[in-house]
Amino acid sequence: MSDLVLEAGHKRADAPADPQAAADQSPAPAPGYWKSVAGRLLRDKVTMIVTVILLGILFITLGAPLVTHYDPYQGSVLTRLKPIGTPGHWLGTDETGRDLWTRLCYGGRLSLLAAIMPVTISLVVGGFLGILAGYVGGTIGTLIMRTMDVFYAFPSILLAIAICGLLGNGLSNSIIALAVVFIPPMVRVAETVTTQARGLDFVEAARASGSTTLQIIRHHVLANVLGPILVYATSLISVSIILSAGLSFLGLGVTPPEAEWGLMLNSLRQAIYVQPYVAALPGVMIFATSMCFNLMSDGFRSAMDVRLNK
């Protein structure tokens, strides 16, 4: 009997006297999904490096008057096609004597605008149509998806060229052409992830509880499909930069004398045998920006994929 009393006494001595102390000893709650995604992104060195590079490109394009004092449209025959390292023109000059660093800074504005705007339009329009087709299904879903399949019959670059040829050259027409090209794949991605989310248990429970279709999509479906759709939209920006530059290179996008990387590449192609390094600089900017967006998209995908982070 005395041994039982002593054992019970030891158990009471080990137990915390204060209930608050017992609560403090409980494990901390797990961080939310988006906080864990942010933490994984901050630990991804490659994603952080390319993000800093993109922020630098954004700064020099939007703040071009702060980093250069030359006029992007004014040149001189006396200073045409100067090599890299020329005093006063550290990246050289183009075929009309305009400072190339200045042209690259101002040209990034139109290049990024022509790349990001079509993806934004396709994200809104294609995301809406894809979520509608994936959740409602039936005749509406079939009609939307079969219409999108028609656009898949044409290669993206040929479709963009055909639309620009129909509408005419110009920045706004190239944005419309690329938006039309990007909407079908965006619809397909949104429809696929929405179809998967539609069969989840909590969506079925919300439907059984009497929630309307709009409420279910806004509160339950959208939160689960927005991540994959945004990741895919980020990857499209890298493609959009190349396609928009290609349209300008062909004379179907931005028109002279505007500064745009694709148009600059076209105007400098005649000087490739005279100043090859100067002529290649707009192409280097297109390649670097496209690769940064592509690597950043890969980082977002890895951070949002729960299976890869178990």
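Structure first, text after, so check above.
For every chain, the first residue of its written sequence is number 1, and the numbers climb from 1 along that sequence. Owing to the predicted nature of the model, reporting of local features is limited to residues with pLDDT of at least 70; listing and counting of side-chain atom pairs is limited to 80 or more, with chain, interface and lining totals taken over all residues. With hydrogens and water excluded, all non-hydrogen atoms of the structure serve as input to the side-chain values.

### Examining the pattern of salt bridges
Selection rule: Within this document, salt bridges are pairs made up of a side-chain nitrogen of Lys or Arg and a carboxyl oxygen of Asp or Glu, the two lying within 4 Å of each other. A simple rule labels every residue: compare its accessible area, found with a 1.4 Å probe on the protein chains alone, to the largest value its type can have, and call it buried under 20%, exposed over 50%, or partly exposed in between.
The final tally for this structure, using the stated rule, is 5 salt bridges. With a closest N to O distance of 3.5 Å, Arg 98 and Glu 95 form a salt bridge. Exposure class is identical for Arg 98 and Glu 95. Each is buried. Of the charged contacts in the structure, one is a salt bridge between Asp 149 and Arg 146, with a shortest N-O distance of 2.9 Å.

### Remarks on a nonpolar patch on the surface
Our working definition: Patch definition: residues above 30% relative accessible area lacking any salt bridge, with like charges linked at up to 9 Å and the nonpolar side chains Val, Leu, Ile, Met, Phe, Trp and Tyr linked at up to 5 Å. All accessible-area figures derive from a Shrake-Rupley calculation using a 1.4 Å probe, and residue coverage is judged against the displayed protein chains alone. We count a stretch as a helix when DSSP gives it H or I for four or more residues in a row; a strand needs E for two or more, and each element gets its number in order from the N terminus.
Together, Leu 113, Met 117, Ile 121, Val 124 and Val 125 line one region of the surface with nonpolar side chains, adding up to about 370 Å² of accessible area. Locating Ile 121 in the fold gives a position in helix α6 (residues 100–136). For Ile 121, a relative accessible area of 33% puts it in the partly exposed group.

### Things to note about the side chain of Ser 122
In plain terms, the rule: Whenever two N or O atoms come within 3.5 Å, that pair is a polar contact, provided that in protein one can donate a hydrogen and the other can accept it, and provided that, for residues adjacent in sequence, both atoms are side-chain atoms. The criterion used for residue contact is that any of the two residues' heavy atoms lie within 4.5 Å.
By the element assignment, Ser 122 lies in helix α6. Residue Ser 122 is classed as buried on the basis of its relative accessible area, which comes to 0%. In terms of polar contacts, Ser 122 uses its side chain to reach the backbone carbonyl oxygen of Val 119, at 2.8 Å. Every residue in contact with Ser 122, bar those within four places of it in the chain, is listed here: Gly 127, Ala 179, Phe 182, Ile 183 and Met 186.

### Observations regarding the packing of helix α11 (residues 213–249) against helix α13 (residues 276–304)
To keep things clear, this is the line we draw: The axes used here are C-alpha line fits, helices contributing only the stretch in contact, and every angle between their N-to-C directions lies in the interval 0 to 180 degrees. Should an angle fall under 35 degrees it is taken as roughly parallel, and over 145 as roughly antiparallel, whereas 65 to 115 is taken as roughly perpendicular and any remaining angle as oblique. Here the nonpolar group is Ala, Val, Leu, Ile, Met, Phe, Trp, Tyr, Cys and Pro; Asp, Glu, Lys and Arg are the charged ones; every other residue, Gly included, is treated as polar.
Running from N to C, α11 and α13 point in directions that differ by 170°, and their axes come no closer than 9 Å. One finds that α11 runs roughly antiparallel with respect to α13. Here Gly 227, Val 231, Thr 234, Ser 235, Ile 237, Ser 238, Ile 241, Ile 242 and Ala 245 of α11 lie close against α13, whose contacting residues are Ile 286, Thr 289, Ser 290, Phe 293, Asn 294, Met 296, Ser 297, Phe 300, Arg 301 and Met 304. The class makeup of the residues in the contact of α11 with α13 is 10 nonpolar, 8 polar and 1 charged.

### So, the side chain of Thr 47
If you trace the backbone, Thr 47 turns up in helix α4 (residues 45–62). Looking at Thr 47, the relative accessible area reads 2%, which means it is buried. Polar side-chain contacts of Thr 47 include one of 2.9 Å to the side chain of Asp 44. Discounting residues that sit within four places of it in the chain, Thr 47 has contacts with Leu 41, Leu 295, Met 296 and Gly 299.

### Focus on the nonpolar core
Note the threshold: Definition of nonpolar core: a set of buried residues of the types Ala, Val, Leu, Ile, Met, Phe, Trp, Tyr and Cys, connected through side-chain atoms within 4.5 Å.
By size, the foremost hydrophobic cluster in this structure holds 55 residues, and its most contacted members are Leu 100, Leu 104, Phe 182, Val 225, Ile 229, Trp 261 and Phe 293. Aside from chain neighbours lying at most four places away, what touches Leu 104 is Leu 91, Trp 261, Met 264, Leu 281, Pro 282 and Met 285.

### Digging into α11
To keep it simple, the criterion reads: Working rule for helices: expected span equals 1.5 Å times residues minus one. A residue's bend is simply the angle between two axes: one fitted to the seven residues ending at it, one to the seven starting at it.
The first and last C-alpha atoms of α11 sit only 46 Å apart over 37 residues, clearly below the 54 Å expected at 1.5 Å per residue. The largest bend in α11 amounts to roughly 55° and is located at Leu 222. One or two residues past the end of α11 sits Gly 251, with phi positive at roughly 85°.

### Digging into unusual backbone geometry
Here the residue pair Pro 256 and Pro 257 is connected by a cis peptide bond, since its omega of 5° sits within 30 degrees of zero. Locating Pro 257 in the fold gives a position in the loop between α11 and α12 (261–268). Unusually for a residue other than glycine, Leu 81 sits at a positive phi of about 55°. Its location among the elements puts Leu 81 in the loop between α5 (64–67) and α6.

### Section: the packing of helix α7 (residues 138–151) against helix α9 (residues 171–198)
The condition is simple: Handedness of a helix crossing follows the sense of rotation of the near helix relative to the far helix, less than a right angle counterclockwise being left-handed and clockwise being right-handed.
The contact between α7 and α9 brings their axes to 9 Å, and the two run at 140°. As far as their axial angle goes, α9 and α7 are oblique. At the point where α7 passes α9, the crossing takes the left-handed sense. Taking contact as the criterion, the partners of Ile 144, Met 145, Met 148, Asp 149 and Phe 151 in α7 are, on α9, Val 180, Ile 183, Pro 184, Val 187, Arg 188 and Glu 191. Within the contact of α7 with α9, the residues separate by chemical class into 8 nonpolar, no polar and 3 charged.

### Considerations on the packing of aromatic side chains
Rules: Ring pairs shown here join Phe, Tyr and Trp side chains whose ring centres sit within 6.5 Å, with only the six-membered ring taken for Trp; geometry is labelled stacked below 30 degrees between planes, edge-to-face above 60, and tilted in between. Charges are assigned to positions over rings by a cutoff of 6 Å between ring centre and Lys NZ or Arg CZ, combined with an angular limit of 35 degrees from the ring normal.
Tallied over the full model, the rule gives 1 aromatic pair. Seen in terms of ring centroids, Trp 90 and Trp 101 are 5.2 Å apart; in terms of plane orientation they differ by 55°. Their pairing is tilted. Of this pair, Trp 90 sits in the loop between α5 and α6 while Trp 101 sits in helix α6; the two residues are 11 residues apart in sequence, bridging distant segments of the chain. Since its relative accessible area comes to 17%, Trp 101 is described here as buried. The lysine or arginine in question, Arg 188, covers the ring of Tyr 152, its NZ or CZ lying 4.3 Å from the ring centre.

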